[in-house]
Amino acid sequence: MDVSQRYREAWEGYWSATSDTPGEAIWDSDPSLTSVPHTELLLPHADTSLPVLDLGCGNGTQTRYLATRFARAIGVDLSHAAIAHARRADTEGVAEFAQLDLVDEEAVAALYGRIGDANVYMRAVIHQSEPEARAAVAAAVAALVGERGRAFVVEPTPAAKEVLQRVAQGPDGPPEKLRRVLAHGLKPASATEEEVRRLLQEAGLATLAGGATALAQTEFLPDGTRVELPARWFVLGPAERRNGDRR
């Protein structure tokens, strides 16, 4: 399957209208607030000699940090415009970037065929995917992990939507960064915790660790408080059948 044309155009439109300025995307927070603590949760379970794939990498901010912790870092995104941003920002060439539709099973299989088992970093992708595509996104994580890889997946909870609604209802309406997300028809925080858990399990992934967290945004409340979205994180590996075979 493929994502819908509407969804594809929404992301192309968003990233095409976004400048190269760091932090212009509301989720483009500094790695010290995101991939740094996330990597510390993943590393006890992961083989860093394997590549790491940043799924939904956007402009590659987190991918470039991941390249300092793993042997090879590859960022992929549905949007060609996002990948162009990522390549321009990676002035030292520490990472690799490629366009990829995660629900395209053949394209995912081709990527796995090129790099083999990999670690996966995926931040807030399931929640904004179209409902009919979410199972395929989870399946892509399982396919790319293979036998030896591990995945770090973090997804906003429905409480994040309430936070964004409060931000949008400020005296001047939604702040600019959130306004642009909404203007392009992107719908944040629309997957439940139960759905995320079920999708990961049904994809053949076992939870090795997990917990509650908050995803730091680059937008601030009028009092200067950083906007943070309630979220849940998972470290995942391939599930095993009772006879020892992968699910």
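Residues numbered from 1 in each chain as written. Predicted model: local features only at pLDDT ≥ 70, side-chain atom pairs only at ≥ 80, totals over all residues. Heavy atoms only, no water.

Enquirer: Just checking my understanding: could you explain helix 5 (residues 105-115) for this structure?
Expert: Owing to its 3.6 residues per turn, the α-helix aligns residues three or four sequence positions apart on the same side. Buried residues of helix 5: Val 108, Leu 111 and Ile 115, and no others. Each buried residue of helix 5 sits inside an arc of 60° when the element is viewed along its axis, so together they form one side. Structural note: helix 5 exposes Glu 105, Glu 106 and Gly 113 on the side pointing more than 90 degrees away from its buried face. Tucked inside the fold, the buried residues of helix 5 contact strand 1 (52-55), strand 2 (73-77) and helix 6 (134-145). (Buried < 20%, exposed > 50% of the residue type's maximum accessible area, 1.4 Å probe, protein only. Helix = DSSP H or I, 4+ residues; strand = E, 2+ residues; numbered from the N terminus. Arc of directions from axis to C-beta. Contact = heavy atoms within 4.5 Å.)

Enquirer: So what exactly am I meant to see when it comes to the side chain of Ser 129 here?
Expert: Mapped onto the elements of the fold, Ser 129 is located in the loop between strand 4 (119-123) and helix 6. Polar contacts involving the side chain of Ser 129 include one to the main-chain carbonyl oxygen of Val 125, which spans 2.8 Å. Ignoring any residue separated from it by four or fewer positions in sequence, one finds Ser 129 in contact with Tyr 7, Arg 134 and Val 137. (Polar contact = N/O pair within 3.5 Å; in protein donor to acceptor, adjacent residues only side chain to side chain.)

Enquirer: What is the right way to read the packing of aromatic side chains from this model?
Expert: Each pair of aromatic rings is reported with the distance of its centres and the angle of its planes. Tallied over the full model, the rule gives 8 aromatic pairs. The interplanar angle of 75° and the centroid separation of 6.1 Å between the aromatic rings of Trp 11 and Tyr 14 together place this pair among those described as edge-to-face. Linking Trp 11 with Tyr 14, this pair stays in helix 1 (residues 5-16), spanning 3 residues, or about one helical turn. Here Trp 11 and Tyr 14 have matching classes, each one buried. These aromatic residues form a ring-pair network of at least three members: Tyr 7, Trp 11, Tyr 14, Trp 15 and Trp 27. (Phe/Tyr/Trp six-rings, centres within 6.5 Å; stacked < 30°, edge-to-face > 60°.)

Enquirer: Please clarify how the pairing of strand 2 should be interpreted in this entry.
Expert: In summary, the side chains of a regular strand alternate between the two faces of the sheet. Within strand 2, 5 of the 5 residues are buried, which leaves it mostly tucked inside the rest of the structure. Residues Ala 73, Gly 75 and Asp 77 line one face of strand 2 and the alternating positions Ile 74 and Val 76 line the opposite face, and both faces are buried. Two strands pair when backbone bridges link them, and strand 1 and strand 2 are joined in this way by 4 bridges, in the parallel orientation. Its bridge partner being in strand 2, Leu 55 is matched across the sheet by Val 76. Each parallel crossover has a hand, and for strand 1 linked through helix 3 (residues 61-66) to strand 2 it is right-handed. (Pairing = 2+ DSSP bridges. Right-handed = clockwise from strand over helix to strand, strands pointing away.)

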